[in-house]
Amino acid sequence: MQKKGDIKERIEELRRERKAVILAHNYQPPEIQDLADYTGDSLGLARKAAEVEAEIIVFCGVHFMAETSAIVNPGKITLLPEPGAGCSLANTVTPEGIVTLKNLRPRAAVVTYVNSSAAVKAVSDYCCTSGNAVEVVEAVEAPEIIFTPDGNLGRYVRRVTGRELIIWEGCCPVHDRITAEMVRERKSEFPSALVIAHPECREEVLELADVVTSTSGMFRVVEESGAREVIVLTEAGMGYPLGKRFPGVRFIFPVAEPLCPDMKLITLEKVERTLRELEPRVTVPENIRLGALLAVERMLAIG
Ligand code: SF4
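Report follows, based on the coordinates. (Residues numbered from 1 in each chain as written. Predicted model: local features only at pLDDT ≥ 70, side-chain atom pairs only at ≥ 80, totals over all residues. Heavy atoms only, no water.)

**Some details on the packing of aromatic side chains**
Next up, step 1: If you walk through the whole model with that rule in mind, you get one aromatic pair.
Next up, step 2: With 6.4 Å between their ring centres and 55 degrees between their planes, phenylalanine 246 and phenylalanine 251 make a pair best called tilted. Accessibility assignment for this pair places phenylalanine 246 and phenylalanine 251 in one class, buried. (Phe/Tyr/Trp six-rings, centres within 6.5 Å; stacked < 30°, edge-to-face > 60°. Buried < 20%, exposed > 50% of the residue type's maximum accessible area, 1.4 Å probe, protein only.)

**Structural notes on the pairing of strand E1 (residues 20–25)**
Next up, step 1: The buried fraction of E1 is high, at six of six residues.
Next up, step 2: Here E1 pairs with strand E3 (residues 56–60) via five bridges, running parallel. When the bridges of E3 are listed, alanine 24 appears paired with cysteine 60.
Next up, step 3: Where E1 lies against strand E2 (residues 38–40), three bridges are found, and the strand directions are parallel. What sits directly across from leucine 23, in E2, is tyrosine 38. (Helix = DSSP H or I, 4+ residues; strand = E, 2+ residues; numbered from the N terminus. Pairing = 2+ DSSP bridges.)

**Points about the site of the ligand**
Next up, step 1: Neighbouring the ligand are Tyr27, Val62, Cys87, Ser88, Asn115, Cys172, Val174, Glu200 and Cys260.
Next up, step 2: Judged by the fraction of its atoms near the pocket grid, the ligand is located in the largest pocket. (Near = heavy atom within 4 Å. 1 Å grid on protein atoms, 1.4 Å probe; cavity = no way out; pocket = protein on both sides within 12 Å on 5 of 7 lines; lining within 4 Å. Sits in = over half its atoms within 2 Å of the grid points.)

**What about the pattern of salt bridges?**
Next up, step 1: Per the stated rule, a full pass over the model turns up 20 salt bridges.
Next up, step 2: Salt-bridge contacts for arginine 15 lead to aspartate 37; the nearest nitrogen and oxygen are separated by 3.0 Å. Separated by 22 residues along the polypeptide, arginine 15 in helix H1 (residues 4–18) and aspartate 37 in the loop between helix H2 (30–35) and E2 bring together distant segments of the chain.
Next up, step 3: Connected through salt bridges with shared partners, the residues Arg10, Glu13, Glu272, Arg276 and Glu277 form a single ionic network. (Salt bridge = Lys/Arg side-chain N within 4 Å of Asp/Glu carboxyl O.)

**So, the pairing of E3**
Next up, step 1: With respect to burial, E3 is a largely interior element, five of its five residues being buried.
Next up, step 2: On E3, burial covers both faces: Ile56, Val58 and Cys60 on one face and Ile57 and Phe59 on the other are all buried.
Next up, step 3: Relative to strand E4 (residues 77–79), E3 runs parallel, the two sharing three bridges. The residue bridging isoleucine 56 from the neighbouring strand is isoleucine 77, located in E4.
Next up, step 4: Crossover E3 to E4 through helix H4 (residues 63–72) is right-handed. (Right-handed = clockwise from strand over helix to strand, strands pointing away.)

**Some thoughts on the sheet that holds E1**
Next up, step 1: Read from one edge to the other, the open sheet built from four strands follows the order E2-E1-E3-E4, with strand pairing classed as parallel. In this open sheet, the two strands that pair with only one neighbour each are E2 and E4. Averaged over all neighbouring strand pairs, the angle between strand axes comes to 25 degrees, with direction disregarded. (Axes fitted to C-alpha atoms, helices over the stretch in contact; angles between N-to-C directions.)

**Focus on H1**
Next up, step 1: Under the 1.5 Å per step criterion, the end-to-end length of H1 is 21 Å for 15 residues, consistent within 8% with the ideal 21 Å.
Next up, step 2: Those residues of H1 that sit buried are Ile7, Ile11, Leu14 and Arg15. Projection of H1 onto a plane perpendicular to its axis shows the buried side chains occupying an angular sector of 100 degrees, all on one side. Along H1, the residues that are exposed and aim more than 90 degrees away from the buried face are Glu9, Arg16 and Glu17.
Next up, step 3: Of the surrounding secondary structure, the elements contacted by the buried residues of H1 are E1, H2 and helix H14 (268–277).
Next up, step 4: Positioned one or two residues after H1, lysine 19 has a phi angle of 50 degrees, which is positive. (Expected span 1.5 Å × (residues − 1). Arc of directions from axis to C-beta. Contact = heavy atoms within 4.5 Å.)

**Focus on the packing of H4 against helix H15 (residues 286–302)**
Next up, step 1: With their axes 9 Å apart at the nearest point, H4 and H15 run at an angle of 90 degrees to one another. Classed by the angle they form, the pair H4 and H15 counts as roughly perpendicular. Note on element contacts: H15 touches H4 through Arg289, Ala292, Leu293 and Val296, opposite Ala70, Ile71 and Val72. (Parallel < 35°, antiparallel > 145°, perpendicular 65-115°, else oblique.)

**Overview of the sheet that holds strand E11 (residues 229–233)**
Within a sheet, neighbouring strands are paired by backbone hydrogen bonds and run either parallel or antiparallel to one another.
Next up, step 1: Overall, parallel pairing links the four strands, which are arranged E10-E9-E11-E12 in an open sheet. Looking at the sheet topology across the chains shown, the edges are occupied by strand E10 (211–212) and strand E12 (250–252).
Next up, step 2: Bridging between strand E9 (residues 194–197) and E11 involves four bridges; their strand directions are parallel. Bridge pairing in E11 links leucine 194 to valine 230.
Next up, step 3: Helix H10 (residues 180–189) contacts E9, E11 and E12 of the sheet and is inclined by roughly 175 degrees relative to E11.
Next up, step 4: Helix H12 (residues 215–225) contacts E9, E10, E11 and E12 of the sheet and is inclined by roughly 165 degrees relative to E9.

Treat this as a map of the structure, not an account of what it does.
Rendered as structure tokens:
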């Protein structure tokens, strides 16, 4: 078995040889985030991949994120070190399900959260992220909107925009497991802490938060607030990049830490093997890629 230091050196050599870029999601294990050229949320990383010159992208995250990278970077090789890293939320919706619903509500536009497969994006009209879902829904002119696949995010967007949404009842089990009781418990322990929550959390949890924002938004909120104690209601991997960026701030998660097992499947060994073998690759058939890209581009046009 190789020592950690040896593996890191080997990864560095391979990264240089292959002229590869390594991207890691904010929920990845610390040693993977430390290795990455860029860390961030799923769409931010896919867009970063489009900006860099590297022809090979090692995406340390889950499958739909690597697919999103492949959608916006068709000429590049996208590698996912653990092909079994999936997303329970993305798995709650299928393209067939969307098409059936669209047939029932032909006047509706479909807005799909980025946490979905390329095939689902391809039958959607707009893509959105947790950071821009409100703006995207506000900009849609269709008389009805089908919002997929996250029910909690859909209800949050409905409350903020006042628009009536037909909501697909999927959820992220990691965020949905955070209860109001868990938040109250932390608030009573840290009464002066700022509470920030990801909109994939339940409605009653969001009601207890001072700010509801995406993972990228969390960095901005902490910076602007000047808070010294922050209760963070999202996947506990966020504690690492937040702690690195704001060493003087105490970040507090629910006692039963919300952890996404799929996000923890990538290891240094798997990154090394991926760079060596240039496998496993994530590809999207061209007809699906073009449909999905349209939904992503419509979102980007909204800003
Ligand atoms: S945290 Fe939730 S939404 Fe994110 S990858 Fe895991 S299951 Fe999917």
